[in-house]
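# Close look at the chain arrangement
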Amino acid sequence: MQPRDSKQLLLDSRYLRMAQIWAENSYCKRRQVGALLVKEKMIISDGYNGTPVGFENVCEDDHDHTKPYVLHAEANAITKVAKSNNSSDGATLYITTSPCIECSKLIIQAGIARVVFGEYYRMHDGVDLLCRAGIQCVHLWDNGNGSYTPFVLTADNSEQHYRDVEDAINNNNQHNS
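So, here is what we can say about the structure in this document. The numbers attached to residues start from 1 for each chain and follow its sequence in the written order. Under the rules for a predicted model, residues below a pLDDT of 70 receive no local features and side-chain atom pairs below 80 are neither given nor counted, while totals for whole chains, interfaces and linings still include all residues. Remark: hydrogens and water are excluded; side-chain values derive from all non-hydrogen atoms of the structure.

## Considering the pattern of salt bridges
Side chains carrying opposite charge are able to pair once their charged atoms draw close together. Our working definition: The salt bridge criterion pairs a side-chain nitrogen of Lys or Arg with a carboxyl oxygen of Asp or Glu, the two atoms within 4 Å. In this text, helices come from DSSP runs of H or I with a minimum length of four residues, and strands from runs of E with a minimum of two, each type numbered from the N-terminal end.
Here the structure, examined in full by the defined rule, presents 5 salt bridges. Across the pair Asp46 and Lys80 runs a salt bridge, and its minimum N-O distance is 2.6 Å. In this pair, Asp46 is assigned in strand S2 (residues 42–48) and Lys80 in helix H2 (residues 73–82), connecting sequence segments 34 residues apart.

## Notes on the state of the cysteines
Applied cut-off: Any pair of cysteine sulfurs within 2.5 Å is marked as a disulfide.
In this structure the tally under the stated criterion is 1 disulfide. Between Cys28 and Cys59 runs a disulfide, and the two sulfur atoms are separated by 2.4 Å. Measuring handedness by torsion sign, the sulfur bridge of Cys28 and Cys59 sits at about -70 degrees and is left-handed. Taken together, the residues Cys28 in the loop between helix H1 (3–23) and strand S1 (34–39) and Cys59 in the loop between S2 and H2 connect sequence positions 31 residues apart.

## Concerning the packing of H2 against helix H3 (residues 101–109)
Cut-off, in case you're wondering: Here the axes come from fitting lines to C-alpha atoms, over the contacting stretch only for helices, and the angles between their N-to-C directions go from 0 to 180 degrees. Between 65 and 115 degrees an angle is taken as roughly perpendicular, under 35 as roughly parallel, over 145 as roughly antiparallel, and anywhere else as oblique. Left-handed describes a crossing whose near helix is turned anticlockwise from the far helix by less than a right angle; the clockwise case is right-handed. Contact between two residues is taken to exist if any of their heavy atoms lie within 4.5 Å; hydrogens are not considered. When residues are sorted by character, Ala, Val, Leu, Ile, Met, Phe, Trp, Tyr, Cys and Pro go into the nonpolar class, Asp, Glu, Lys and Arg into the charged class, and all the rest, Gly among them, into the polar class.
One way to put it is that H2 packs onto H3 with a least axis distance of 9 Å and a crossing angle of 25 degrees. Considering their axes alone, H2 and H3 lie roughly parallel with respect to each other. Our pair here, H2 against H3, has a crossing hand that is left-handed. Contacts between H2 and H3 involve Glu74, Ala75 and Ile78 from the first element and Cys103, Leu106 and Ile107 from the second. Taken together, the residues that form the contact of H2 with H3 break down as 5 nonpolar, no polar and 1 charged.

## Things to note about the sheet that holds strand S4 (residues 114–119)
Inclusion rule: Paired strands are those between which DSSP finds at least two bridges.
In space, the 6 strands of this open sheet follow the order S2-S1-S3-S4-S5-S6, with mixed pairing throughout. Strands at the two margins of the open sheet, each flanked by one partner only, are S2 and strand S6 (148–153). Strand-to-strand twist in this sheet, taken as the mean axis angle between neighbours without regard to direction, amounts to 20 degrees. In the sheet, S1 pairs with S2 via 6 bridges, with the strands oriented antiparallel. If you follow Ala35 over to S2, its bridge partner there is Gly47. With respect to the sheet, H2 is in contact with S1, S2 and strand S3 (92–97), its orientation differing from that of S2 by roughly 130 degrees.

## Here's the deal with unusual backbone geometry
Positive phi values are uncommon outside glycine, yet Lys41 reaches one of about 65 degrees. Inspection of the secondary structure assignment puts Lys41 in the loop between S1 and S2.

## Looking at the pairing of S1
Both faces of the sheet carry side chains from a regular strand, because those side chains alternate between them. The condition that has to hold: Accessible area is worked out with a 1.4 Å probe on protein chains only. A residue is then buried under 20% of its type maximum, exposed over 50%, and partly exposed in between.
For S1, a buried count of 5 out of 6 residues is recorded, marking the element as mostly surrounded by other parts of the structure. In this structure, the hairpin formed by S1 and S2 is closed by a connection of 2 residues, where Glu40 is found at a positive phi of approximately 50 degrees.

Written out as structure tokens, the structure is:
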């Protein structure tokens, strides 16, 4: 790894850990997701999944399903930066969970150049769309010892990487059973 690459990995892992801490602000019970928008080493916006302003802070209904109006962390970060004097054009989005297809459309339209995430969402079509749009996607695999391994995804390798991650998780679950 080149010195520049190791410095970027260090920054990526720190910002991703900050997004993980920010996710703790979410009132959602099923999954807490955090996002940071960073441009030129400055955090220009943040977000976590939750209800719109003025709504009760309850994300799930009585059957433990997410309410349809709950906003995703990346959508909150993008709408927050839109209300500020900052621009997300060329920024990096750090998000604890990979974006869904709807948030990926917002990421593309917001001009975000790079997405770094820690774990896959249950569907990976959002990452596939970002790769297709030419947005650099990096999966930071948590090695479990305080270090991360970056996987740069492309339209050519994202499907195989997703299967590799699923296999690794399944193998890990079998060893822990």
